[in-house]
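Remarks on the overall topology
Here are the chains, one letter per residue:
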Amino acid sequence: MSRRGTLVATLALVAMTASWGSTFYLIKDLLDRVPTLDFLAVRFAIASLAMVLVAPRALGRLSRESRRHALVLGLLYGVAQILQTAGLAHTAASVSGFVTGMYVVLTPIFAALLLRTRITAVTWLAVAMATAGLWVLTMRGEFALGYGESLTLVAAALYALHIVGLGAWSRPEQAMGMSIVQLMVITVVCFVATVPDGIVLPSTTQDWTSMLYMALVAGAAALFVQTWAQAHLPPTRCAIIMSMEPVFAAAFAVALGGESLTSRLLVGGALVLAAMLVVELVGQRRPIEGEVTHLTV
């Protein structure tokens, strides 16, 4: 891929990560009134419907192989959402944020094992910097691997597998159809988890506005961008870029949520940003990891 195309894909992935980060203070407020699993089910249902309305023929253009791959990817992501939510009930939010961010470490490991991708020393340096930044940003006390942390770690592994799978299977011309299938599968997984207890819907205009933003922008559009961008970028580079999510979350919390700008946010954010710059600047001169190969399912 050309340098310009790689830059466009990188900027698109950064914008997607920013949209994820912008939802944290909205979700924190909305979940006071709507249970987490109900929120996820409704959010992804709206996202699925919107994508089908925007591109009704995209599903028909999907190859049988791409449809099967999207099904697997949707299952990985949907189950990860459930496990992350279940883990959050048994551990502190800060610990959950850090453990979830471990997909940054697990992605290159899975890429090496499953795709036979060679991970260079510079890439591992960037991974270590991003991990250190996540630790500074999220951790505020002692860490112990208990039940909640274990569930969250499994979720992180599934997110890493999702990133690796997209890197191996995503094609630009199939991105829309694959995104729709993934969203549909995620919706089904979330509804199966929450339907037995009934569905609680948002009750105010403000809550519905937040839900629609998170469904359409940080849900449907973000998953399409990720699927398209990962057709052009190696999985580990994507994971490092996506580790900017808590940095954007902190920035939005300070700018719009009334939180204070602390040295912890500055240092942690600087480390994660430095990791992304290292991986991008070095990547302009030479590949930081091998080309993605085929992953068979």
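Residues numbered from 1 in each chain as written. Predicted model: local features only at pLDDT ≥ 70, side-chain atom pairs only at ≥ 80, totals over all residues. Heavy atoms only, no water.

Under the annotation held in an unreviewed UniProt entry, the chain carries the name EamA family transporter and is attributed to Nocardioides daphniae. Entered under Sequence similarities (unreviewed entry) in the UniProt record, the comment concerning the chain runs "Belongs to the EamA transporter family." (UniProt positions renumbered as here; feature names shortened; annotations may be inferred.)

1. A short note on the environment of A250
Residue placement: A250 occurs in helix α12 (residues 245–256). Exposure remark for A250: the relative accessible area of 15% places this residue in the buried category. For A250 and F24, which are 226 residues apart along the polypeptide, the C-alpha to C-alpha distance reads 8.7 Å. (Helix = DSSP H or I, 4+ residues; strand = E, 2+ residues; numbered from the N terminus. Buried < 20%, exposed > 50% of the residue type's maximum accessible area, 1.4 Å probe, protein only.)

2. A short note on the nonpolar core
Across soluble globular proteins, nonpolar side chains have a tendency to be buried as a group. Core analysis: the biggest nonpolar cluster contains 86 residues, and L13, F39, Y103 and M242 have the highest contact counts within it. In terms of residue count, the dominant contributor to this core is helix α8 (residues 147–169) (11 residues). In this structure, Y103 is in contact with A156, Y159, A160, I163, A239, M242, S243 and E245, ignoring residues within four places of it in sequence. (Core = buried A, V, L, I, M, F, W, Y, C linked by side-chain atoms within 4.5 Å. Contact = heavy atoms within 4.5 Å.)

3. Describing the environment of G21
Tracing the chain through its elements places G21 in helix α1 (residues 3–21). With 197 residues separating them in the primary sequence, G21 and A218 have C-alpha atoms 8.8 Å apart. Those residues in contact with G21 that sit more than four places away from it in its chain are E245, F248, A249 and F252.

4. Structural notes on the packing of helix α4 (residues 64–88) against helix α9 (residues 175–194)
Put simply, α4 and α9 touch, their axes get as near as 7 Å, and they point 40 degrees apart. Relative to α9, the element α4 is oriented oblique. Crossing of α4 against α9: the hand is right-handed. On the side of α4, the interface is formed by S66, R67, H69, A70, L71, L73, G74, L75, Y77, G78, V79 and I82, while α9 contributes M178, V181, Q182, V185, I186, V189, C190 and A193. Of the residues assigned to the contact of α4 with α9, the class counts are 14 nonpolar, 5 polar and 1 charged. (Axes fitted to C-alpha atoms, helices over the stretch in contact; angles between N-to-C directions. Parallel < 35°, antiparallel > 145°, perpendicular 65-115°, else oblique. Left-handed = near helix turned anticlockwise from the far one by under 90°. Nonpolar A, V, L, I, M, F, W, Y, C, P; charged D, E, K, R; others polar.)

5. Observations concerning helix α7 (residues 121–138)
When the terminal C-alpha atoms of α7 are compared, their 26 Å separation across 18 residues agrees well with the 26 Å that a helix rising 1.5 Å per residue should span. Every buried residue belonging to α7 is among T123, A126, V127, M129, A130, T131, G133, L134, L137 and T138, and all of these are buried. (Expected span 1.5 Å × (residues − 1).)

6. What to know about helix α6 (residues 103–115)
Where α6 is concerned, the buried positions are Y103, V104, L106, T107, P108, F110, A111 and L115. One or two residues past the end of α6 sits R116, with phi positive at roughly 55 degrees.

7. A short note on the pattern of salt bridges
Under the criterion given, the structure shown has 2 salt bridges. Through salt bridges with shared partners, a single ionic network connects D29, R33 and D207. (Salt bridge = Lys/Arg side-chain N within 4 Å of Asp/Glu carboxyl O.)

8. Focus: the packing of aromatic side chains
Counted under the stated rule, the structure contains 2 aromatic pairs. Arranged with centres 5.4 Å apart and planes meeting at 70 degrees, the rings of Y77 and Y159 form a pair that is edge-to-face. With a gap of 82 residues between them, Y77 in helix α4 and Y159 in helix α8 connect regions that are remote in the sequence. Each member of the pair Y77 and Y159 is classed as buried. Seen in terms of ring centroids, F98 and W135 are 5.0 Å apart; in terms of plane orientation they differ by 85 degrees. Their pairing is edge-to-face. With F98 in helix α5 (residues 93–100) and W135 in helix α7, this residue pair connects regions lying 37 residues apart in the sequence. (Phe/Tyr/Trp six-rings, centres within 6.5 Å; stacked < 30°, edge-to-face > 60°.)

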